[in-house]
Amino acid sequence: MNVPLLDLHQQMDGLRDEVMAAVAQVIDSTQYILGPEVTRLEEAVAEYCGVGHAVGVSSGTDALLVSLMALGVGPGDLVLTTPYSFFATMGSIVRVGALPVFADIQPDTMNIDPERMAEALAQDRKSGGRIKAIIPVHLFGQCADMQRIQALAAKYGVPIIEDAAQAIGADCPFGSDGQTTWQRAGAMGMAGCFSFFPSKNLGGIGDGGMVTTPDREFAERLRVFRNHGAKPKYYHSYIGGNFRLDPMQACVLRIKLRHLDAWHQARRNNAAVYRRLFSEAGLAGTSVTLPVAVHGDINGSETRNYHIYNQFVIRVTRRDALRQYLADNGVGCEVYYPLCLHQQECLQGYGDYGRQRYPEAERAASESLALPIYPELTGAQLEYVVTTIAGFFRR
Ligand SMILES: *Cc1c(COP(=O)(O)O)cnc(C)c1O
């Protein structure tokens, strides 16, 4: 049997006629830059995320970059973030001339640890207060501990840029004593950055991204920055860039957005099947550490998206051997991410990053393995994945 890490054929087969008609309409309209398709997607995403404004941009990477630019983060500034994320989280910081400060992750969720963030912010305050923004990443589709992160941001007066690239639609609970309220990824900071890279839960037919914000003026600034910093046309108040979302992507994304909650649900069901199978095979909690969904997956009749499972990431000590074994047996899997951000070669000219140690992030980088979790997987495929892993541990 073959189980790819991701297969988009079935999803596109089901939407093909609708997508082709929408794409044809964009082509016939000759409106190829921004325009009504982009505006409609912006409105739909803002509503879906429960936030006032959304600005379509060219990618998740550019969402981060344009957010930092519009916040005025630049040379001499520092940005607090996690050492365990996709490269763009850190790359965007360095590209505006600032430098990253890292806070280690929590071992269970692999999201940034508010305890470590508090230490970094306190130390920075003592040495002059150069941290100008914080970028929590909602890794693999589960929100970072935003209640505590918001409290830190308020205490130190620094804006939050959420890297929500993997977490569109993920809900985050706030409050205690039965007084729970919810906010969605992208609605919990000054800027929420989304990616429509094809492997994200909401993926385009190419690159695309979005920045959400509750702040009308900031949304306006983002619109100016995504278009070379010009307002009006040819009068440039800022150095922006070409960060515009393509209407061809917007029209496809608008169709897909209507199915997103059903896809989230299917991924969550797959996760539940994995949990049962791993536990029946006697692997859960022994040879294999399953991903922790802090707020559960199904709470009675509760249908909130606490975890949207963009990735289902297990941890195993003999990771590289298992990865090879799975590949040999037709199971697609991937390592997100094999090297932490502070260890990347391109950062070494900028400071003593190579000597810094983030033990939890480094351990995660050596143990993590993402398994297939996409919505259309069959029960037989899920079973084959777990049976194959069980076979590896019996050898
Ligand atoms: C995918 C991703 C990005 C970048 O998005 P692109 O659209 O590929 O530029 C940024 N951050 C994280 C955490 C991501 O997973």
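Residues numbered from 1 in each chain as written. Predicted model: local features only at pLDDT ≥ 70, side-chain atom pairs only at ≥ 80, totals over all residues. Heavy atoms only, no water.

Asks: Can you help me understand the environment of Ala 153 in this one?
Replies: Secondary-structure assignment places Ala 153 in helix 6 (residues 146–156). Separated by 43 residues in the primary sequence, Ala 153 and Met 110 place their C-alpha atoms 20 Å from one another. Those residues in contact with Ala 153, other than ones at most four positions away along the chain, are Ile 134, Val 158 and Ile 160. (Helix = DSSP H or I, 4+ residues; strand = E, 2+ residues; numbered from the N terminus. Contact = heavy atoms within 4.5 Å.)

Asks: How should the site of the ligand be read in this particular structure?
Replies: Near the ligand lie 15 residues; those nearest to it are Gly 60, Thr 61, Gln 166, Ser 195 and Lys 200. At 2.8 Å from an oxygen atom of the ligand is found a main-chain nitrogen or oxygen belonging to Gly 60. One of the side-chain nitrogen or oxygen atoms of Lys 200 is found 2.8 Å away from an oxygen atom of the ligand. Here the ligand, which alone exposes 380 Å², has 92% of that area covered by the protein. At the level of secondary structure, the elements contributing two or more residues to the shell around the ligand comprise helix 3 (60–70) and helix 4 (87–95). Tallied by class, residues from the shell around the ligand come to 5 nonpolar, 8 polar and 2 charged. (Near = heavy atom within 4 Å. Polar contact = N/O pair within 3.5 Å; in protein donor to acceptor, adjacent residues only side chain to side chain. Areas by Shrake-Rupley, 256 points an atom, 1.4 Å probe, with all protein chains shown as cover. Nonpolar A, V, L, I, M, F, W, Y, C, P; charged D, E, K, R; others polar.)

Asks: Which parts of the structure should I look at to understand the sheet that holds strand 3 (residues 99–102)?
Replies: Strand pairing in a sheet relies on backbone hydrogen bonds. The paired strands run either parallel or antiparallel. Read from one edge to the other, the open sheet built from 3 strands follows the order 3-2-4, with strand pairing classed as parallel. Edge positions in the open sheet fall to strand 3 and strand 4 (131–135), since each of these has one partner strand only. Neighbour to neighbour, the strand axes of the sheet diverge by 30 degrees on average, direction disregarded. Bridge analysis of strand 2 (residues 78–81) against strand 3 gives 4 bridges, and the strand direction is parallel. (Pairing = 2+ DSSP bridges. Axes fitted to C-alpha atoms, helices over the stretch in contact; angles between N-to-C directions.)

Asks: Any chance you could explain the domain arrangement of the protein chain here in plain terms?
Replies: Buried accessible area, meaning the area lost when the parts come together, often serves as the stated size of an interface. The domains assigned to the protein chain are domain 1 (9–257) and domain 2 (260–393). Look at where the C-alpha atoms of domain 1 and domain 2 centre, and you get two points 23 Å apart. In total, domain 1 and domain 2 occlude about 3700 Å² of area from one another, counting both sides; carbon and sulfur atoms represent 60% of this. The largest per-residue losses of area from domain 1 upon contact with domain 2 belong to Tyr 84, Phe 140 and Asn 201, which jointly make up 19% of the total buried on that side. There are 0 salt bridges connecting domain 1 and domain 2. Summed over the shared surface of domain 1 and domain 2, the number is 25 residue pairs in polar contact (both at pLDDT 80 or more). Tallied by class, residues from the side of domain 1 that touches domain 2 come to 24 nonpolar, 11 polar and 6 charged. (Domains from an automatic or database assignment. Buried area = accessible area lost by both parts, 1.4 Å probe. Salt bridge = Lys/Arg side-chain N within 4 Å of Asp/Glu carboxyl O.)

Asks: Hey, could you run me through the packing of aromatic side chains in this one?
Replies: According to the stated counting rule, one finds 11 aromatic pairs in the structure shown. Ring geometry for Phe 225 versus Tyr 238: centroids 4.7 Å apart, planes at 25 degrees, classification stacked. Taken together, the residues Phe 225 in helix 7 (residues 216–225) and Tyr 238 in the loop between helix 7 and helix 8 (247–257) connect sequence positions 13 residues apart. With relative accessibility at 31%, the residue Tyr 238 sits in the partly exposed group. Three or more aromatic residues link up through ring pairs in this structure, and these residues are Tyr 84, Phe 86, Tyr 336 and Tyr 337. Over the ring of Tyr 48 we find Arg 184, and its NZ or CZ is 4.5 Å from the ring centre. In this structure, Arg 304 is placed above the aromatic ring of Trp 182, and the distance from its NZ or CZ to the ring centre is 3.8 Å. (Phe/Tyr/Trp six-rings, centres within 6.5 Å; stacked < 30°, edge-to-face > 60°. Buried < 20%, exposed > 50% of the residue type's maximum accessible area, 1.4 Å probe, protein only. Lys NZ or Arg CZ within 6 Å of the ring centre and 35° of its normal.)

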